[in-house]
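Geometric and topological summary
The residues making up each chain are set out below.
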Amino acid sequence: MIKEKEQNIHHQNAFCVNESTFTHKWYHNLKYLIAGIIFGIIFVKAEVISWFRIQEMFRLQSFHMYGIIGSAVLVGMISVWLIKKIKIKTIDGEPITLTPKKFNKGQIYGGLIFGFGWAITGACPGPLFAQIGTGALAVSVTLLSAIAGTWVYGYFRDKLPH
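These numbers come from a predicted model, not from an experiment.

This part covers the pattern of salt bridges. Summed over all chains, the structure comprises two salt bridges. Here E47 makes a salt bridge to R53, at a shortest N to O gap of 2.7 Å. Judged by its relative accessible area of 22%, R53 is partly exposed. The residue R53 makes a salt bridge to E56 at a minimum N-O spacing of 3.4 Å. With R53 and E56 both in helix α3 (residues 51–58), this residue pair falls three residues apart, about one helical turn. Via salt bridges that share partners, E47, R53 and E56 belong to a single interconnected network.

The phi angle at E47 is positive, at roughly 60°, despite the residue not being glycine. Within the secondary structure, E47 sits in the loop between α2 (30–45) and α3. For K87, which is not glycine, the phi torsion reads 55° and is therefore positive. You can see K87 is positioned in the loop between α4 (64–86) and α5 (105–121).

The tally for this structure, following the rule as stated, stands at seven aromatic pairs. Seen in terms of ring centroids, F58 and W118 are 5.3 Å apart; in terms of plane orientation they differ by 85°. Their pairing is edge-to-face. Placement of F58 in helix α3 and of W118 in helix α5 is noted, with a sequence separation of 60 residues between them. On the basis of relative accessibility, which here comes to 34%, the residue F58 falls in the partly exposed class. Note on Y155 and F156: the rings are 5.0 Å apart at their centroids and 85° apart in plane angle, and the pair reads as edge-to-face. Given the relative accessible area of 54%, Y155 is considered exposed. Three or more aromatic residues joined by ring pairs make a cluster, and in this case those are F58, F114 and W118.

Basis of the calculations
- Residues numbered from 1 in each chain as written.
- Predicted model: local features only at pLDDT ≥ 70, side-chain atom pairs only at ≥ 80, totals over all residues.
- Heavy atoms only, no water.
- Salt bridge = Lys/Arg side-chain N within 4 Å of Asp/Glu carboxyl O.
- Buried < 20%, exposed > 50% of the residue type's maximum accessible area, 1.4 Å probe, protein only.
- Helix = DSSP H or I, 4+ residues; strand = E, 2+ residues; numbered from the N terminus.
- Phe/Tyr/Trp six-rings, centres within 6.5 Å; stacked < 30°, edge-to-face > 60°.

If you want it as structure tokens, here you go:
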């Protein structure tokens with residue numbers, strides 16, 4: 001009974017909600033691998049993973065990265081608006097539900113830590129694999145640090161300001 005209550009409390013405080021009931025065979029994940037490879041190639045060709053481009057952005061010396069990030073934000077805004085307006089469903093026919101999120105001060109702290117890490121390392125989590133794939137093996141330290149940081153956050157999550 002106590003365990004069941006703890007699970008219900010944990011479920012109510014969940015940050016990510018995925019109510020999908022579909023299960024697929026392992027090879028259905030190959031499409032994500034292919035999409036990731038294509039996405040990585042685009043990142044490399046657009047110089048999104050370039051440490052120099054990222055440093056230019058943080059030094060306010062170039063519009064390149066701001067243009068890419070701004071375009072992504074604009075596409076995301078339009079996409080969410082269309083999903084809500086037209087009530088778009090998933091490929092499997094499931095409705096897409098967007099749960100409202102409450103703002104809290106932990107988001108400011110997390111954003112600052114993320115931004116400092118991005119500025120210092122010249123990498124954010126998405127392009128890490130593409131950077132390693134291009135031969136920048138020093139970025140492996142950044143990847144291991146990101147994994148460690150994710151673990152630490154998960155461990156202390158209940159004690160952090162949310």
